[in-house]
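Structural overview
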Amino acid sequence: MTAVRTSFEVSLLGTLRVTRGGRELALGSARRQAVFAALALEPGRAVLREELIAAVWGDEPPASAMGNLYTYVSALRRVLEPDRDRWTSGDVLTSRGGSYRLHLSPEDVDVSRFERMREQSRAARAAGDAVGELAALDAALAEWGDGEPLAGIPGPHAENQRVRLGELHLTSVERRAELMLGFGRAAEVTGDLLVLAGRHPMRESLYAVTMLALAAQDRVDEAIAMYTALRERLVEESGTEPDAAVRQIHAQLVGDAIRPATITSTLPRRHAGFRGRTATVTRLRQAVAGLAEGHGGSIWISGEAGIGKSALLAEGLRDAAVLGVQVGWGVGEESDRGKPLNLLPEYLSHGPANNLLDAVRATGATPPTMAVIDIIQAFVITQCAEGPVLLVMDDMQWADDMSLLVWHALHQLTGRLPLLLVSASRPLPFGYEMRLLRRALPRNGTTLIDLGPLDDPTATALVRAWTRRPDIEPPTVRSLVAAAAGNPFYLLHLVRTERQGLTADTPATELVEAVSRHLRPLSDDTRQLLRAIAFLGNNHLVTDLSAVTGRPVPALVTAVEEALAAGVLVEDGRRLRFRHPVVRQVLHGAIPTALRVTMHRQLAQRIAESDGAPSRVAGQLLAGPVPIDAWVERWLTTHAEQLTSTAPASAIAVLRHAVSSPALSEPARALLTTHLAQGLFRAGLFFETEASGEFSVIR
């Protein structure tokens, strides 16, 4: 059916409100609104009935869910198009092939407009256009009301969207506040920031920008009090300190050297309960000791997201200040990626270098590269004349090209000055300048350290320390350690999830967000591929991926290579698996059960149609578990004999599932029961009593 242009206005960023031609429409019950909201969040896209059922009722929909859905859609059609012919579906909400489509333009929906303006702000930021970025953020935030998005809408989909949109809103508010501070307009944002900080007492990034806004208005005592309250909550709740950026702001405030636009770096505090990494910690401490004696050098630490690079730096470099070393500490942020000289302000806060950086902030224009390098090199030489200097660039993957060029130039000084450069980065994202730097620095004497996973004893000790439960069961500890596979960031979030009585298969929102943050730098194609892999299970061939995604193997190579480079996937012979099982569990478990079952059913058919191994098809049928329908029945009756001979364990499980289903036809039940008996007999679990002809199961 051809869509028509309507005059609708849909507001989801607050209480759901729908108008047509300026007249507000009453959508009716809460669940009817939930169906409409799920469709309006994806205007113009065909949404499967199963997706809508999962959106409204979640993992355990009632038997009446499908009928209720038909009723809700019919009622919505009457509201949206009161003049339509009752025997037609109309032009606004249409159905086809087991799906429904709401024919709205993205511009009709406030969420779509908000997200479009956010993308414009990101583009302006990448181009160094601070004025344009602020204007785009103003337009994006103007779409929001005072309440939470999708207020009062029931269902897991609405709840997930509330979390997602709430995070985008807070991130946008924080970034706008940073820009306003840069333009000297702190007073215009401080009140709103304080209100939000009260609503989100554990959000460190929000506290950081609020503290800076207070400091800009000479309200230092209030900013310090905010930090104290935040730290006490974090220590009480999770046993952790505030992150490095917040600690740096606090250290600057208490040191009476307040420059809201330029944060003076200090050595970050050690991470509570640091364990392991003995050899690498020793290497860093030796480098600091050598620096104190006048010997420069360079160290580059590489490791996947969450592997503990920041904690390692804090632990290994902690003696620098005690030994009389001047310390400058830069921490990259994803939100600052592309911003000129985005890491250097963290450790350059004096003299001509600071004047240069102030000018960059004020105008958004970057001076010629050689002029920047000359000024910063001169500044560092002057500082080294006063005493040894340690410069650290953490999360270097977010550095802009200018910062990387300056960092490269500073390496030329490490051979003749008491200057130690230490950088830490993830394997991805890597731009052109980062790749050049990675190749060039080892030739100039840089020590490269690849930080691998924690060993199991260290991970076990961390779990016991973080849970603070001496009675925690050893199997629980082992499962947490195995799921994290040596990644302390994942391990911490798994422990927090376990405290809530949840698991990685039914993940807490915090764990889902943690995994999402790590996967966000990957391309859309790679993230989609990872979701497909999560449904396939471990140890799968690339040909399986081709079958389920419908893309030829050569087209998958780039995405697979990116996931391997990022450390998300690893190769096991010719097969691929997730490095950290928790990532697969979260990608799979974050999908509502009803939708997961539908996806496993689709994957089973795709694998079968591409002549995949019957055991792979059976694995998908069991993973749901998938209800028995006409296609599943046909496939099982055709492949049961082959399956019992090649994969008896899978055959027994899937045949037991099938013969217990009331949807199975009687002829198929008789045939599959026979194959099940044969499979059990071969496995030594089943025998036939000759006298009675009855079967018995050996327990």
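Residues numbered from 1 in each chain as written. Predicted model: local features only at pLDDT ≥ 70, side-chain atom pairs only at ≥ 80, totals over all residues. Heavy atoms only, no water.

Comments concerning the side chain of His493
Let me state the cut-off plainly: Here a strand is any run of E in DSSP of at least two residues, a helix any run of H or I of at least four, and the numbering for each starts at the N terminus. Between buried and exposed lies partly exposed: a residue is buried under 20% and exposed over 50% of the maximum accessible area for its type, with that area taken using a 1.4 Å probe on protein chains only. We call two residues in contact whenever any of their non-hydrogen atoms come within 4.5 Å of each other.
Within the secondary structure layout, His493 lies in helix H19 (residues 488-499). The class for His493 is buried, based on a relative accessible area of 6%. If we ignore the near neighbours within four places in the chain, the residues touching His493 are Glu510, Leu511, Ala514 and Arg517.

Remarks on the side chain of His169
As for its placement among the helices and strands, His169 is situated in helix H6 (residues 156-182). When residues no more than four places from it in sequence are discounted, the contact partners of His169 are Phe114, Leu141 and Trp144.

Notes on the confidence of the model for the chain
What counts here: pLDDT expresses, on a scale from 0 to 100, how confident the predictor is about each individual residue.
When pLDDT is averaged along the chain, the result is 81; 86% of the residues meet or exceed 70. Across the chain, element-level confidence peaks in helix H1 (residues 30-40) with a mean pLDDT of 93 and bottoms out in strand S15 (residues 686-688) with 45. This stretch, residues 1-5, has a pLDDT under 50; its non-local contacts, to residues over four places away or in other chains, come to 11 contacts. In this model residues 256-265 is a low-confidence stretch, pLDDT under 50, and it forms 35 contacts with partners more than four residues away in sequence or in other chains.

Details of the sheet that holds strand S5 (residues 93-96)
What counts, and what does not: For two strands to count as paired, DSSP must find a minimum of two bridges between them.
A sheet is described by the order of its strands in space; here 3 strands give the open sequence S4-S6-S5, paired in antiparallel fashion. Among the strands making up the open sheet, the edge pair consists of strand S4 (47-48) and S5. In this sheet, strand S6 (residues 99-102) lies alongside S5 in antiparallel orientation, the contact comprising 4 bridges. From the neighbouring strand, Arg96 faces S6, where its bridge partner is Ser99.

Regarding empty space enclosed by the protein
Applied cut-off: Put plainly, a pocket is an open set of points on a 1 Å grid over the protein atoms alone with protein on both sides within 12 Å along at least five of seven lines, a cavity is a set where a 1.4 Å probe fits but cannot get out, and a lining residue has an atom within 4 Å of a point. Grid points are joined across faces, edges and corners, and a volume is the space filled by probe spheres set on the points. Residues are grouped as follows: nonpolar covers Ala, Val, Leu, Ile, Met, Phe, Trp, Tyr, Cys and Pro; charged covers Asp, Glu, Lys and Arg; every other residue, Gly included, is treated as polar.
According to the stated counting rule, one finds 3 cavities of 30 Å³ or more in the structure shown. What the largest cavity holds in volume is close to 180 Å³. In this structure, the largest cavity is lined by 16 residues; those nearest its centre are Glu304, Ala305, His518, Ala566 and Val568. Considered class by class, the residues forming the lining of the largest cavity number 11 nonpolar, 3 polar and 2 charged. Taken as a whole, the second largest cavity spans an internal volume of roughly 50 Å³.

Some points on the packing of helix H4 (residues 110-126) against H6
Convention followed: Here the axes come from fitting lines to C-alpha atoms, over the contacting stretch only for helices, and the angles between their N-to-C directions go from 0 to 180 degrees. Oblique is the label for every angle not falling under 35 degrees (roughly parallel), over 145 degrees (roughly antiparallel), or within 65 to 115 degrees (roughly perpendicular). Crossings are sorted by hand: turned counterclockwise from the far helix by less than a right angle, the near helix makes the crossing left-handed, and turned clockwise it makes it right-handed.
Between H4 and H6, the shortest axis-to-axis distance is 12 Å and the interhelical angle comes to 40 degrees. Looking at the two axes, H4 sits oblique to H6. Handedness of the H4/H6 crossing: left-handed. Between H4 and H6, the contacting residues are Val111, Phe114, Glu115, Arg118 and Arg125 on the first element and Arg164, Leu165, Leu168, His169, Thr171, Ser172 and Arg175 on the second. Of the residues belonging to the contact of H4 with H6, the class tally is 4 nonpolar, 3 polar and 5 charged.

Quick word on the packing of aromatic side chains
What counts, and what does not: Between the rings of Phe, Tyr and Trp (Trp by its six-membered ring), a pair exists once the centres lie within 6.5 Å; its type follows the angle of the planes, with under 30 degrees stacked, over 60 edge-to-face, and the other angles tilted.
A complete count under the given rule lists 3 aromatic pairs for this structure. Centre to centre, the rings of Trp57 and Tyr72 are 6.2 Å apart; their planes meet at 15 degrees, and the pair counts as stacked. Of this pair, Trp57 sits in helix H2 (residues 49-57) while Tyr72 sits in helix H3 (residues 65-80), and the two are 15 residues apart along the sequence. In this structure Tyr72 comes out as buried when scored by relative accessible area, which is 15%. Ring geometry for Phe114 and Trp144: centres 5.5 Å apart, planes at 80 degrees, overall edge-to-face. Of this pair, Phe114 sits in helix H4 while Trp144 is found in the loop between helix H5 (130-141) and H6, placing the two residues 30 residues apart along the sequence. Look at Phe114 and you get buried, because its relative accessible area is 0%.

Here we look at the sheet that holds strand S9 (residues 389-394)
Strand order in the open sheet made by the 5 strands is S8-S9-S10-S7-S11, with parallel pairing throughout. What marks the edges here is a single partner per strand, and that holds for strand S8 (326-331) and strand S11 (447-450). Within the sheet, the average angular offset between the axes of one strand and its neighbour, ignoring direction, is 15 degrees. Note: S9 against strand S10 (residues 419-425), 5 bridges, orientation parallel.

Quick word on the pattern of salt bridges
This is how the line gets drawn: Salt bridges, as used here, are contacts in which a Lys or Arg side-chain nitrogen is within 4 Å of a carboxyl oxygen on Asp or Glu.
All chains considered together, the criterion is met by 24 salt bridges. Residue Arg203 pairs with Glu174 through a salt bridge whose shortest N-O separation is 2.6 Å. Of the two residues, Arg203 is situated in the loop between helix H7 (190-199) and helix H8 (204-216) and Glu174 in helix H6; the sequence distance between them amounts to 29 residues. Classification of Arg203 by relative accessible area gives buried; the value is 15%. Of the charged contacts in the structure, one is a salt bridge between Glu666 and Arg669, with a shortest N-O distance of 3.3 Å. On the criterion of helical spacing, the pair formed by Glu666 and Arg669 is a turn pair, its members being 3 residues apart in helix H29 (residues 666-682). The buried category is assigned to Arg669, whose relative accessible area is 16%. One salt-bridge network, held together by shared partners, links Arg125, Glu133, Arg175 and Glu178.

Some thoughts on the nonpolar core
Inclusion rule: By nonpolar core is meant a set of buried Ala, Val, Leu, Ile, Met, Phe, Trp, Tyr and Cys residues that side-chain atoms within 4.5 Å join together.
The biggest cluster of nonpolar side chains holds 65 residues, and the ones touching the most others in it are Leu530, Phe578, Val583, Leu621 and Leu636. Ignoring anything within four residues of it in the chain, the contact list for Leu621 reads Ala604, Val626, Val632, Trp635, Leu636 and Val654. Core analysis: the second largest hydrophobic core is formed by 46 residues, Leu13, Leu27, Leu76 and Leu168 among them.

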